[in-house]
Amino acid sequence: MTTFAFRTAQIADLDALGIVMNAAIGALQRAFLSPDQIASSRAIMGLDRQLVIDGTYFIAFLEDRIAGCGGWSRRATLYGGDHSAGLREPRLLDPATEPARIRAMYTHPAFARRGVGRAMLAHCEAAARAEGFAACELMGTLAGVPLYLSAGYHVIEDIVDDRGGAPVPMQRMGKVF
């Protein structure tokens, strides 16, 4: 089993994280989405600096390189980046009654299929549990759904987001710890 080093992302990491996210969206979605849908994905996915400010966004390192990134949130926003119109909901969640959000999970294509996503997901779930959350929700891309299903998530609803022009199918998923 591969061991990753994790650290909390900082504002100074934003440019490097953007590179990882753009590479992941462009390469890892190819088997699931058309070129137009990938372009549309960029309008609804990407960097959410609020996660970094909140201290709930992490970087996974392997071989001293960024292998991936991901986070969780105590805020109601389910998905989207800084630039995603209409997706922001900064309200704080109640851990006694609401699920935490797993957010912005990306694996650099050079590290795909090496356990980055699974390790990051476990890291984020543990952090949410430590703050009193008993469940998590996320918005899964078609490329990410198999990972989330294998980690115990179930599909809550299918959605199609066409804010970027072309319709992008996704699945809202949840898990109780």
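Each remark here, short or long, concerns the structure printed above.
Conventions and cut-offs
Per chain, the residues get numbers from 1 upward, laid out in the order the sequence is written. Local features in a predicted model are, by the rule used here, given only for residues with pLDDT of at least 70; side-chain atom pairs are given and counted only at 80 or more, and totals for whole chains, interfaces and linings are based on all residues. Here the side-chain values reflect all heavy atoms present in the structure, with hydrogen atoms and water set aside. Stacked, edge-to-face and tilted labels apply to pairs of Phe, Tyr and Trp rings (six-membered ring for Trp) whose centres lie within 6.5 Å, assigned for plane angles under 30 degrees, over 60, and everything in between, in that order. Helix and strand labels come from DSSP, where a helix needs a run of H or I of at least four residues and a strand needs a run of E of at least two; each type is numbered from the N terminus. Partly exposed residues are those whose accessible area sits between 20% and 50% of the maximum for their type, while under 20% is buried and over 50% is exposed, using a 1.4 Å probe and protein chains only. For a lysine, the NZ atom is tested; for an arginine, the CZ atom; a charge sits over a ring if that atom is within 6 Å of the ring centre and within 35 degrees of the ring normal. Using a 1 Å grid laid over the protein atoms alone, points where a 1.4 Å probe fits but cannot get out form a cavity; open sets with protein on both sides within 12 Å along at least 5 of 7 lines form a pocket; any residue with an atom within 4 Å of a point counts as lining. Grid points are joined across faces, edges and corners, and a volume is the space filled by probe spheres set on the points. Classification used: nonpolar for Ala, Val, Leu, Ile, Met, Phe, Trp, Tyr, Cys and Pro, charged for Asp, Glu, Lys and Arg, polar for all others including Gly. Note on definitions: salt bridges are taken to be side-chain nitrogens of Lys or Arg within 4 Å of carboxyl oxygens of Asp or Glu. Every axis in this analysis is a line fitted to C-alpha atoms, fitted for helices over the stretch in contact. Angles between the N-to-C directions lie between 0 and 180 degrees. Between 65 and 115 degrees an angle is taken as roughly perpendicular, under 35 as roughly parallel, over 145 as roughly antiparallel, and anywhere else as oblique. Two helices crossing with the near one rotated counterclockwise from the far one by less than a right angle form a left-handed crossing, whereas a clockwise rotation gives a right-handed crossing. Two residues qualify as a contact provided that any one of their heavy atoms is within 4.5 Å of a heavy atom in the partner residue. The arc in question is the one spanned by the directions pointing from the helix axis to the C-beta atoms. When DSSP finds at least two bridges between two strands, those strands are taken to pair.

Trainee: Help me out: how do you make sense of the packing of aromatic side chains in this one?
Mentor: Each aromatic ring pair is summarised here by two numbers: the centre-to-centre distance and the angle between the ring planes. In total, this model carries 2 aromatic pairs according to the counting rule given. Pairing Trp-72 with Phe-133 gives two aromatic rings, centres 5.8 Å apart and planes at 70°, and the pair type is edge-to-face. Remark: Phe-133 occurs in the loop between α4 (116–130) and β5 (135–141) and Trp-72 occurs in strand β3 (residues 65–73); sequence separation between them is 61 residues. Comparing Trp-72 with Phe-133 shows no difference in burial state: the two are buried. On the basis of an interplanar angle of 65° and a centroid distance of 6.1 Å, the ring pair of Tyr-148 and Tyr-153 is categorised as edge-to-face. The residues Tyr-148 and Tyr-153 share a single accessibility class, namely buried. One cation-aromatic arrangement involves Arg-129 over Phe-177; the distance from NZ or CZ to the ring centre is 4.7 Å.

Trainee: Any chance you could explain the layout of surface pockets here in plain terms?
Mentor: Over the atoms, a rolling probe the size of a water molecule traces out where space has been left empty. Roughly 780 Å³ of volume is contained in the largest pocket. Ranked by residue count, the leading element in the lining of the largest pocket is strand β4 (residues 100–107), at 6 residues. Residues that form the lining of the largest pocket fall into these classes: 24 nonpolar, 9 polar and 4 charged.

Trainee: Would you explain the pattern of salt bridges in this entry?
Mentor: Opposite charge on two side chains permits pairing when their charged atoms draw close. With the rule as written, the count across this model stands at 13 salt bridges. Of the charged contacts, one joins Asp-82 and Arg-49 as a salt bridge, the two residues approaching to 2.9 Å between their closest N and O atoms. Residue Asp-82 is found in the loop between β3 and β4, and its partner Arg-49 is found in helix α3 (residues 49–54); the two are separated by 33 residues along the sequence. Using a relative accessible area of 37% as the deciding quantity, one classes Arg-49 as partly exposed. A salt bridge links Glu-137 to Arg-172, with the nearest nitrogen and oxygen atoms 2.8 Å apart. Of this pair, Glu-137 sits in strand β5 while Arg-172 is found in strand β7 (residues 168–176), placing the two residues 35 residues apart along the sequence. A single burial state applies to Glu-137 and to Arg-172, both of which are buried. Linked by salt bridges that have partners in common, Asp-48, Arg-88 and Arg-103 make up one network.

Trainee: Help me understand the packing of helix α1 (residues 14–28) against helix α2 (residues 35–44), please; the structure alone is not making it clear to me.
Mentor: Angle between the axes and distance between the axes are the two parameters that describe a pair of packed helices. Close contact between α1 and α2 brings their axes to 9 Å; oriented N to C, the two are set at 150°. Looking at the two axes, α1 sits roughly antiparallel to α2. Crossing angle aside, the handedness with which α1 passes α2 is right-handed. When α1 is examined against α2, the residues Asn-22, Ile-25 and Gly-26 are found in contact with a partner set consisting of Ile-38, Ser-41 and Arg-42. In the contact of α1 with α2, the residues fall into 2 nonpolar, 3 polar and 1 charged.

Trainee: Can you walk me through α2 in this structure?
Mentor: Count 3.6 residues to each turn of an α-helix, and residues three or four apart come out pointing the same way. What α2 keeps buried is the set Gln-37, Ile-38, Ser-40, Ser-41 and Ile-44. Angular distribution of buried residues about the axis of α2 spans 160°; they occupy a single face of the element. The exposed residues of α2 that point more than 90 degrees off its buried face are Pro-35 and Asp-36. The inward-facing, buried residues of α2 contact α1, β6 (154–161) and β7. With its phi angle positive at about 125°, Gly-46 sits one or two positions after the end of α2.

Trainee: What is the right way to look at the sheet that holds strand β1 (residues 5–8) in this model?
Mentor: By way of backbone hydrogen bonds, the strands of a sheet pair with one another, either parallel or antiparallel. Reading across from one edge, β1-β2-β3-β4-β5-β7-β6 is the order of the 7 strands in this open sheet, with mixed pairing throughout. Each edge of the sheet is formed by a strand with only one pairing partner; in this case those strands are β1 and β6. Looking at each pair of strands side by side, their axes are set apart by 25° on average, direction ignored. Note that β1 and strand β2 (residues 57–62) share 4 bridges and pair antiparallel. Directly across from Thr-8, in β2, lies its bridge partner Phe-58.

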